[in-house]
Amino acid sequence: MRPVCPMPSAAAAGPRSAIATAGAGAKSSRMPSAAVRFALRALACETGPQAGLRRVKLVRPLVAQAHEILRERLEAGGSVEDYLRGRARLADSAVVGLLHIASVCTGLRGDTMVAPLAAVAVGGYGRRELAPGSDLDLLFLLPEGSQPSATAGAAATAACVNAVVAGLWDLGFVLDHAARSSRECLDLAHGEPAVLASLLDRRFLWGGFGLFAALDAEIAALFSGPHAARWRGAIGSAMASTRRDALPGASTPLDEPDVKRGPGGLRDLQRALSASTLASGRPTALAEPTLVQAHRFLWLVRCHLHLLVGRAEDRLSSALQPGLARRLGFDEPRGTIAAPRLLHLFHRHGHNVLKAEASVPAQPR
């Protein structure tokens, strides 16, 4: 077992000193997420888990510094895949670090080594695709109600989840979370296929792996059982309806496309990739070269768009196009009101995405 604080000498000088030490390491480290994980452990070691949870905000500047390091690497020509994975690793460090502290503080584990709780990244977070304005889609997986651990540790589990959620907000993350059992997830998915669609991209983070394994097996069984075609059809329809519902009563102009929800955007790309995922009920890797290129371009545009605006913004408006084009290396003169080369490249990749999406076989409902 590893100690709460792996470097007591750093924590001995006080929590702010420990965080400053971690911050100095983040500047030179290839993995700024490791500095955040260390700082949370050092904070708990110095002040105790209970006080550590109350002082999580002390680590927020370090999280912001880690985000800045990742941004600088992207803007210096780094790959967008590394940027997205780096942001996901940073979020992982915060989630796991907070769960480690909160599980000790609330007595969640009691006398057992395995916590009656599992943290699971789902949706875009599960795919390790976190743009600057993306939410953290986080599922806290609970034991089934009939299991003894579900009732015996209910109060400690709720306290642990609440502490982690509050800590993530204190660190600057925007969270979309739920706390459910595996059976509750599947029951909800019967009426809301979009819930099951988000669970297709699931990734274990922390806690009782048996809880995650049970959910993983049950979801995979849906796509190999007698009603597999119905489930595939429901999820395919849920994915297709996302674009229709994105801008009700309005169409997406071709000269101001929506990178995420518009025709040929990231939602359509996700649906184009769904055929192999729906065949097994488990995430699959991107392989088609044209779709790999489209994935890279669309995410590069989306990330730079968020950084340019300073918030979540997926509409490539004419006012933003020249600035975005310059960020991406297009030699657009200042004062222009459009970026034709950027739009041409966007529509080319969008055409490839729509072509791949059209080839996905329709599933009966």
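Residues numbered from 1 in each chain as written. Predicted model: local features only at pLDDT ≥ 70, side-chain atom pairs only at ≥ 80, totals over all residues. Heavy atoms only, no water.

Colleague: Before we move on, could you go through the sheet that holds strand 3 (residues 175-181) and cite the residues and values that matter?
Modeller: Pairing between sheet strands relies on hydrogen bonds along the backbone, with the strands arranged either parallel or antiparallel. Read from one edge of the open sheet, four strands run 3-2-1-4, paired in mixed fashion. Among the strands making up the open sheet, the edge pair consists of strand 3 and strand 4 (203-207). Taken over all neighbouring pairs, the strand axes of this sheet differ in orientation by 25° on average, direction set aside. Here strand 1 (residues 118-121) pairs with strand 4 via four bridges, running antiparallel. Directly across from alanine 118, in strand 4, lies its bridge partner glycine 207. Here helix 9 (residues 154-170) sits on the sheet in contact with strand 2 (136-142) and strand 3, set at roughly 170° to strand 2. Against the sheet, helix 10 (residues 182-191) makes contact with strand 2 and strand 3, and its axis sits at roughly 110° relative to strand 3, the strand it touches most. (Pairing = 2+ DSSP bridges. Helix = DSSP H or I, 4+ residues; strand = E, 2+ residues; numbered from the N terminus. Axes fitted to C-alpha atoms, helices over the stretch in contact; angles between N-to-C directions. Contact = heavy atoms within 4.5 Å.)

Colleague: Break down the nonpolar core for me, with residues and values.
Modeller: In globular proteins that are soluble, nonpolar side chains generally tend to be buried together. Formed by 43 residues in total, the largest nonpolar core has its most connected members in Val59, Leu99, Tyr125, Leu168 and Phe173. Of all the elements in the fold, those that place two or more residues in this core are helix 3 (32-47), helix 5 (60-75), helix 6 (80-105), strand 1, strand 2, helix 9 and strand 4. Of the residues forming this core, the biggest block, nine residues, is contributed by helix 6. Among all residues touching leucine 168, those that are not within four sequence positions of it are Ala94, Val95, Leu98, Leu138, Phe173 and Leu175. By size, the runner-up hydrophobic cluster in this structure holds 29 residues, among which are Val80, Leu291, Leu305 and Ala356. (Core = buried A, V, L, I, M, F, W, Y, C linked by side-chain atoms within 4.5 Å. Buried < 20%, exposed > 50% of the residue type's maximum accessible area, 1.4 Å probe, protein only.)

Colleague: Lay out helix 5 in plain terms, naming residues and giving numbers.
Modeller: The end-to-end C-alpha separation of helix 5 is 23 Å, in line with the 22 Å expected for 16 residues at 1.5 Å each. Positive backbone phi, at 110°, marks glycine 77, one or two positions downstream of helix 5. (Expected span 1.5 Å × (residues − 1).)

These results come straight from atomic positions and should not be treated as a statement about function.
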